[in-house]
Amino acid sequence: MVATRFAVAIHILLLLAAEPSSRATSGRIALSVGTNPVVIRRLAGQLARAGLLRIRRGPGGAELARPAAEITLAEIWAAMRRPGLPLLPTHPGPQRGGDALGRAVPALLRVVLDEAEGAMERKLAETTLQALLDRLAVAERGG
């Protein structure tokens, strides 16, 4: 679920970076994303609380809080995830008894999965909204 919210949040911010804020209604954004305006308003609220977006009442009341070149995907990821919950959860293992392998596997997996999530977060920190806008512009030109 967090991956979907993350992707939609990026879509929202890209649209706000690419178009004049006067067109940035929740309905317009929802049309581009392919979802309901209520979903857009909820995620925009999360982005605003994270300091990535400014929202004013009325149509076209959303804009980036900072230039696209200063907003990383890692910041968006942090805004969309629930603190303390790993991206890749493990099973709890046997609650009582079980064998040594059964008791060891969850902790073993947790180490590897936390390392993988750390690598992903480092990569996201290297990528800005502006970099995605630049890629989008190249793709639109057919390159």
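So, here is what we can say about the structure in this document.

Cut-offs used in this document
- Residues numbered from 1 in each chain as written.
- Predicted model: local features only at pLDDT ≥ 70, side-chain atom pairs only at ≥ 80, totals over all residues.
- Heavy atoms only, no water.
- Helix = DSSP H or I, 4+ residues; strand = E, 2+ residues; numbered from the N terminus.
- Axes fitted to C-alpha atoms, helices over the stretch in contact; angles between N-to-C directions.
- Parallel < 35°, antiparallel > 145°, perpendicular 65-115°, else oblique.
- Contact = heavy atoms within 4.5 Å.
- Nonpolar A, V, L, I, M, F, W, Y, C, P; charged D, E, K, R; others polar.
- 1 Å grid on protein atoms, 1.4 Å probe; cavity = no way out; pocket = protein on both sides within 12 Å on 5 of 7 lines; lining within 4 Å.
- Points joined across faces, edges and corners; volume = space filled by probe spheres on them.
- Left-handed = near helix turned anticlockwise from the far one by under 90°.
- Salt bridge = Lys/Arg side-chain N within 4 Å of Asp/Glu carboxyl O.
- Buried < 20%, exposed > 50% of the residue type's maximum accessible area, 1.4 Å probe, protein only.

With that settled, the discussion passes to the environment of Gln130. Within the secondary structure layout, Gln130 lies in helix H6 (residues 129–140). The spacing of Gln130 and Glu70 is 60 residues in sequence and 8.0 Å in space, taken between C-alpha atoms.

Another aspect to go through is the packing of helix H4 (residues 73–80) against helix H5 (residues 100–125). Here H4 crosses H5 at 125°, and the two axes come no closer than 6 Å. Taken as axis vectors, H4 and H5 run oblique relative to one another. Here Leu73, Ala74 and Trp77 of H4 lie close against H5, whose contacting residues are Glu117, Met120, Glu121, Leu124 and Ala125. A breakdown of the residues in the contact of H4 with H5 according to their chemical character gives six nonpolar, no polar and two charged.

Moving on to the layout of surface pockets. Quantified by volume, the largest pocket comes out at close to 300 Å³. Forming the walls of the largest pocket are 18 residues, and the residues nearest its centre are Ser26, Arg41, Ile55, Arg56 and Gly58. Put simply, the parts of the chain that give the lining of the largest pocket at least two residues each are helix H1 (2–18), helix H2 (26–33), helix H3 (37–49) and strand S1 (53–55). The dominant element in the lining of the largest pocket, judged by the number of residues it contributes, is H3, at three residues. Here the lining of the largest pocket is composed, by residue class, of 10 nonpolar, five polar and three charged.

Helix packing geometry: the angle between the two helix axes and the distance between the axes. The N-to-C vectors of H1 and H4 enclose an angle of 130°; their axes lie 9 Å apart at closest approach. It follows from the interaxial angle that H1 and H4 lie oblique. For the crossing formed where H1 meets H4, the hand is right-handed. Contacts from Val2, Arg5, Phe6, Ala9, Ile10 and Leu13 in H1 reach Leu73, Ile76, Trp77 and Met80 in H4. In the contact of H1 with H4, the residues fall into nine nonpolar, no polar and one charged.

Within the structure shown, the criterion is met by eight salt bridges. The salt bridge involving Glu63 is made with Arg54; its shortest N-O contact spans 3.1 Å. Between Glu126 and Lys123 there is a salt bridge, with the nearest N and O atoms lying 3.6 Å from each other. One exposure class covers both Glu126 and Lys123, and it is exposed. Among the ionic contacts, a cluster of salt bridges with common partners joins Arg54, Arg56 and Glu63.

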